[in-house]
Amino acid sequence: MKHLLKMMDLSTEEITEILNLADQLKYELKHGIPHNHLAGKTLGMIFEKASTRTRVSFETGMYQLGGNALFLSSSELQIGRGEPVQDTARVLSRYIDGIMIRTFAQEEVENLAEYGDIPIINGLTDLSHPCQVLADLMTIREYKNKLDGLKMCYIGDGNNMANSLTVGCLKMGMDVTLACPEGYYPAQSTLDFAKQFPNFKIVNDPVEAAKDADVLFTDVWASMGQESEAEKRRIAFKGYQINDEVMAVAKPDAMVQHCLPAHREEEITTKVFEQHAKEIFDEAENRLHAQKAVMVLLMGEKD
Ligand code: CP
Ligand code: NVA
């Protein structure tokens with residue numbers, strides 16, 4: 001593994017290796033066991049979109065690993081004035097040891113990886129959000145002690161979360177059912193990958209999708225960059241919500257996950273959100289541990 005660009009690039013074994021190391025790093029942090037595997041290393045974090053969790057968890061994670069993180073807002077970099085990402089990659093490769101980037105086009109992340117010679121980590125694009133999904137898989141495994149054979153249901157927009165969750169969960173042997181409105185299905189590349197799996201299904205009815213689910217996911221109806229479509233989307237997504245009706249057909253011990261930020265009473269009711277708040281904030285915490293594992297594997301000294 002040289003980069004973390006999208007879930008599609010990771011094998012089942014690589015995902016398992018990341019999750020195992022994430023569990024170990026979480027244990028070490030909680031027990032005060034030093035784990036400064038990245039002493040003297042610097043991560044550059046390029047943000048072209050807003051962030052709370054991604055920024056703070058990467059920055060804190062790097063600090064806990066003994067390294068440094070630089071927050072690089074695209075509006076203050078020359079990228080914001082048109083310097084090509086290919087040149088930025090080659091320059092930053094001379095100074096720092098890894099780049100985390102949050103941007104719009106997946107192509108930009110792939111370009112950084114092609115032109116730079118340091119590890120690139122995708123901190124969210126319009127197509128994918130692999131760091132989030134690694135934290136999600138870690139959290140499900142913590143609660144259920146396994147992934148293989150569990151039934152996952154995702155209700156809502158076929159967005160970056162739907163793409164990465166579908167690929168990640170299928171790779172880990174889970175059953176995946178998505179409930180998306182017509183016209184808001186995941187990317188064609190996701191559908192092409194998923195159709196090889198008999199345990200993948202996409203339907204229009206959230207209640208049908210939630211039947212016997214072990215874990216339910218949802219995400220915002222309008223993602224970052226889609227603000228102008230918010231009104232149109234509010235109409236298209238009406239009813240694509242995790243609520244009592246959906247929870248009633250899931251397994252009695254089903255867990256709920258949300259990458260956050262959440263829009264209460266849109267994709268999830270306040271009631272269900274608060275009933276499952278512990279799981280959702282454990283999920284947010286696990287961003288820290290999962291990303292530390294990714295950074296150690298990509299940026300640490302190889303044996
Ligand atoms: N879930 C997530 O990526 O959160 P931020 O947008 O706050 O980073
Ligand atoms: N789909 C959301 C996820 C935010 C973490 C977005 O792209 O805005």
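Note: the structure precedes this text.
A brief structural summary. Since the structure is predicted, the reported quantities are computational estimates derived from the model, not experimental observations.

## A closer look at unusual backbone geometry
With an omega of 0°, the peptide bond between Leu260 and Pro261 qualifies as cis. With respect to the helices and strands, the residue Pro261 is situated in the loop between strand E9 (255-258) and helix H11 (270-275). Of note, Asp212 is a non-glycine position whose phi angle comes to about 60°, a positive value. The residue Asp212 is located in the loop between helix H8 (206-210) and strand E8 (215-218) in this model. For Leu260, which is not a glycine, the phi torsion comes out positive at approximately 70°. Relative to the helices and strands, Leu260 resides in the loop between E9 and H11.

## What about the site of ligand 1?
Around ligand 1, the surrounding shell consists of Ser51, Thr52, Arg53, Thr54, Arg102, His129, Gln132, Cys259, Leu260 and Arg287. A distance of 3.0 Å separates a nitrogen atom of ligand 1 from a polar side-chain atom of Gln132. Relative to its free-state accessible area of 250 Å², ligand 1 is covered by the protein chains to the extent of 95%. Using a 2 Å cut-off from the grid points, one finds that ligand 1 occupies the largest pocket. Split into classes, the residues belonging to the shell around ligand 1 amount to two nonpolar, five polar and three charged.

## Re the environment of Asp126
One can find Asp126 in the loop between strand E4 (120-122) and helix H5 (130-144). For Asp126, a relative accessible area of 42% translates into the label partly exposed. Placed 59 residues apart in sequence, Asp126 and Gly67 show a C-alpha to C-alpha distance of 29 Å. Excluding its chain neighbours within four sequence positions, the residues that come into contact with Asp126 are Lys49, Thr103, Phe104, Asn159, Asn160 and Met224. Among the polar contacts listed, one links the side chain of Asp126 to the side chain of Lys49, at a separation of 2.6 Å.

The rules behind each value
- Residues numbered from 1 in each chain as written.
- Chains lettered and ligands numbered in written order.
- Predicted model: local features only at pLDDT ≥ 70, side-chain atom pairs only at ≥ 80, totals over all residues.
- Heavy atoms only, no water.
- Helix = DSSP H or I, 4+ residues; strand = E, 2+ residues; numbered from the N terminus.
- Near = heavy atom within 4 Å.
- Polar contact = N/O pair within 3.5 Å; in protein donor to acceptor, adjacent residues only side chain to side chain.
- Areas by Shrake-Rupley, 256 points an atom, 1.4 Å probe, with all protein chains shown as cover.
- 1 Å grid on protein atoms, 1.4 Å probe; cavity = no way out; pocket = protein on both sides within 12 Å on 5 of 7 lines; lining within 4 Å.
- Sits in = over half its atoms within 2 Å of the grid points.
- Nonpolar A, V, L, I, M, F, W, Y, C, P; charged D, E, K, R; others polar.
- Buried < 20%, exposed > 50% of the residue type's maximum accessible area, 1.4 Å probe, protein only.
- Contact = heavy atoms within 4.5 Å.

Everything listed here is a matter of coordinates, which is why it stays silent on function.
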